[in-house]
Amino acid sequence: MGRAAATGGGRRGARRWLPWLGLCFWAAGAAAARGTDNGEALPESIPSAPGTLPHFIEEPDDAYIIKSNPIALRCKARPAMQIFFKCNGEWVHQNEHVSEESLDESSGLKVREVFINVTRQQVEDFHGPEDYWCQCVAWSHLGTSKSRKASVRIAYLRKNFEQDPQGREVPIEGMIVLHCRPPEGVPAAEVEWLKNEEPIDSEQDENIDTRADHNLIIRQARLSDSGNYTCMAANIVAKRRSLSATVVVYVDGSWEVWSEWSVCSPECEHLRIRECTAPPPRNGGKFCEGLSQESENCTDGLCILDKKPLHEIKPQSIENASDIALYSGLGAAVVAVAVLVIGVTLYRRSQSDYGVDVIDSSALTGNSLLLNSAMQPDLTVSRTYSGPICLQDPLDKELMTESSLFNPLSDIKVKVQSSFMVSLGVSERAEYHGKNHSRTFPHGNNHSFSTMHPRNKTPYIQNLSSLPTRTELRTTGVFGHLGGRLVMPNTGVSLLIPHGAIPEENSWEIYMSINQGEPSLQSDGSEVLLSPEVTCGPPDMIVTTPFALTIPHCADVSSEHWNIHLKKRTQQGKWEEVMSVEDESTSCYCLLDPFACHVLLDSFGTYALTGEPITDCAVKQLKVAVFGCMSCNSLDYNLRVYCVDNTPCAFQEVVSDERHQGGQLLEEPKLLHFKGNTFSLQISVLDIPPFLWRIKPFTACQEVPFSRVWCSNRQPLHCAFSLERYTPTTTQLSCKICIRQLKGHEQILQVQTSILESERETITFFAQEDSTFPAQTGPKAFKIPYSIRQRICATFDTPNAKGKDWQMLAQKNSINRNLSYFATQSSPSAVILNLWEARHQHDGDLDSLACALEEIGRTHTKLSNISESQLDEADFNYSRQNGL
């Protein structure tokens, strides 16, 4: 060891002093020549001579290595006896220099020019605190001079834009701002904007500014600004195109001024008109509001009989007309009284048939009674209130506020037969329907009613309802021997069919679906459903290598608090456990990431994830979001606050329903950690602007029982709040929505919006990563090119005494358990790479894989050194789709 160290030190020392040795040899030769001519002894040192220090005519410039091509660094100085390069503090070997010498005719001084080549390998092998750098050092009789330091960097440009521009609809003369953050690159990419594939020149259009942080700003939108906009990023390596953003500039219609009144018609009326042409609506703008035609009496109300003015009518005609009006009024009154008597009689008979002792008079107003069908026919209702600010049961609020106002009766019992509930339209499934709930209960001035059993409280959570849902989402694709990827857009569910999993000359139509109805998996005891029920098929299909199924989940992953299981539904409809995610198994493999579980399987079917909380600290991740829309009453605005499992498919169901209801997302959804500590969830509306908006008393805070939230995977859960404007001129709404678990976490949603659609900023529901191309087949479906994949498998499938085989590959990719599963596969490395493909379907982080391979040290050529013909040219047509 000591000898090797000494040898290495000697080599470095020799390399460091080599330029000085060369200079000394030159000086010695010159001195020897002088000694021979004059017969004098050689001097002990280099004699001084008149002259100047070297002056650099050309210094090395910063350079970038493109692909695998070396770059040349040059420098030129005068007067110069020698010039050497020094890179990263080390002298470059003399043999690596190419030197040229000439004479400056104007000054007679010697000019020396030197250049060296720097390779990609040299730059990659350097691991210092700064970039790779080189510097020239030149010698003359008077001493040395140093040039500037030139940095050498490897040029690249990532595939994915950090932010793509988003389409917008803006009113005419409004401001348009399209954001663009180009891909990371060295050197930094320059950005150019295209409109309908033509470059935009901001210097020739003062209305357009493209200088602010690569964004495109159109100060005042014109109709001609509508079009498809694309952000182009380019550096010395490559060019990249962003997704196109469609901009629509619309014009709302306006009314021309009213025309003059027309002449008086034979019907004693004249009219005027106006048209929606100043301007007419364009590009989807709103049509004009109000009437387009208006008419009125043109004789000041005197035209009352036979279309003649009053002064032309004879007195006898007036008397006849008055008599007719009098008799008509009396007849209508008699008919109305008769109908009322008959109605009251029938109503009393119907009430006696239903066996109601006493019923609130508010039943005549059309309000319906909301009762749980599980209640007994004889229900005694009474309560005593202590006046909490945030009431747990909305019935409390209604009974408190309305008992003294609407009903003077007290301590009254109500008997309700089941047939009466049927006649009022109460279904078997208890749901809460907004305001229609409390006025048919008897009220008393003493605020005292009988107590309901706790199990009957669940249906009375105010405005908490279940959404109508579709039974399933479904997608299909045809796959063959080359394999591919099947994605359910915006759900987090995907299926990876590896290359070679399907025999050659065969092809299958593979389908995948998500159950959006009532789950068929019924939880036992404390077990809860943590994922959607995902079906893939056909069930009789046989694969030769495991496929990867990715299922999202809502658990805050921790082996200390959760016991998570993978379950499969049998042909008989029963669910059986396949494995626990922490178990060792050779039949399948589960890799649990923070938001999804990647499962390697060899048979199709219906799968789901369930969790059994081990402690009260087990946490489910909930996505909380607020939607808003105008109600039928033009002064009211409805807020709906959702608390659903944090899986993309659960939120997609909410989005789909809100689109049908005309709801708009008002704030970016946030995550709430909901503990399994049996405490309920409170949802409150805070900081409502006074004198602009109001909310009904005792309805600003609502509470949801723990069980409804903990098992909320069955139906999307939401609370509704109704706000009322004081005046129609109020168009802006700002408030806070507080969602918190008692003795748990809380989350705040900040609402700052306009209730007018034209002024509201659209918030994107989903990223666009998997919104297109649900089925990708062949090589374009995979991030790792097939040729590179084969080389990796050939390298790591072979056992190695030092452990640098597929087990090390698994470890470097954070696969540390159940390695016996991979040992049973014909190519363990291929299965590990399949799992990598499933985990990185959106980012395609080849750099992390390259780093893992480099750390192992088994590959002779790193992924970053693979020729462009293998990485770019072979995959050019689909690299942008895959995010490479």
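Everything below is about the structure printed above this text.
Residues numbered from 1 in each chain as written. Predicted model: local features only at pLDDT ≥ 70, side-chain atom pairs only at ≥ 80, totals over all residues. Heavy atoms only, no water.

Another point: the sheet that holds strand 7 (residues 110-118). Taken together, four strands build an open sheet; the order of strands is 1-3-7-6 and the sheet is antiparallel. If you trace the sheet from one side to the other, it starts and ends with strand 1 (55-58) and strand 6 (98-103), each paired once. Strand-to-strand twist in this sheet, taken as the mean axis angle between neighbours without regard to direction, amounts to 25 degrees. As paired strands, strand 6 and strand 7 are joined by six bridges and run antiparallel to one another. Paired with S102 across the strands is V111, a residue of strand 7. (Pairing = 2+ DSSP bridges. Helix = DSSP H or I, 4+ residues; strand = E, 2+ residues; numbered from the N terminus. Axes fitted to C-alpha atoms, helices over the stretch in contact; angles between N-to-C directions.)

Time to look at the pairing of strand 10 (residues 150-154). For strand 10, a buried count of four out of five residues is recorded, marking the element as mostly surrounded by other parts of the structure. Of the pairings in the sheet, the one linking strand 2 (residues 63-65) to strand 10 comprises three bridges and is parallel in character. Residue pairing across strands places A63 opposite V152, the latter belonging to strand 10. Summarising the sheet, strand 8 (residues 132-140) and strand 10 pair through three bridges and their orientation is antiparallel. The residue bridging Y132 from the neighbouring strand is V152, located in strand 10. (Buried < 20%, exposed > 50% of the residue type's maximum accessible area, 1.4 Å probe, protein only.)

A few words on the state of the cysteines. Such a bond, covalent and formed between the sulfur atoms of two cysteines, is termed a disulfide. A complete count under the given rule lists five disulfides for this structure. We note that C554 lacks a disulfide partner, and the nearest cysteine sulfur, in C649, lies 9.6 Å from it. (Disulfide = S-S within 2.5 Å.)

Another point: the environment of L849. By the element assignment, L849 lies in helix 12 (residues 846-856). Sequence separation of L849 and K812 is 37 residues, and the distance between their C-alpha atoms is 8.5 Å.

So, about helix 12. The complete set of buried residues in helix 12 reads L846, L849, A850, A852, L853 and I856. Buried residues in helix 12, looked at end-on, bunch into an arc of 160 degrees, giving them a common side. Where helix 12 is buried, its residues touch helix 8 (786-796), helix 9 (806-812) and helix 11 (828-839). Immediately beyond the C-terminal end of helix 12, within one or two residues, lies G857, with a positive phi of roughly 80 degrees. (Arc of directions from axis to C-beta. Contact = heavy atoms within 4.5 Å.)

What follows is about the sheet that holds strand 36 (residues 596-601). Strand order in this open sheet of six strands is 35-36-32-28-27-48, and the pairing throughout is antiparallel. What marks the edges here is a single partner per strand, and that holds for strand 35 (589-592) and strand 48 (775-777). Averaged over all pairs of adjacent strands, the angle between strand axes in this sheet comes to 10 degrees, irrespective of strand direction. In terms of strand pairing, strand 32 (residues 547-552) meets strand 36 through six bridges, oriented antiparallel. By the bridge assignment for strand 36, A548 is matched with L600. In the packing of helix 11 onto the sheet, the strands contacted are strand 27 (484-488), strand 28 (493-497), strand 32, strand 35 and strand 36, and the crossing angle to strand 36 comes to about 150 degrees.

Treat this as a map of the structure, not an account of what it does.
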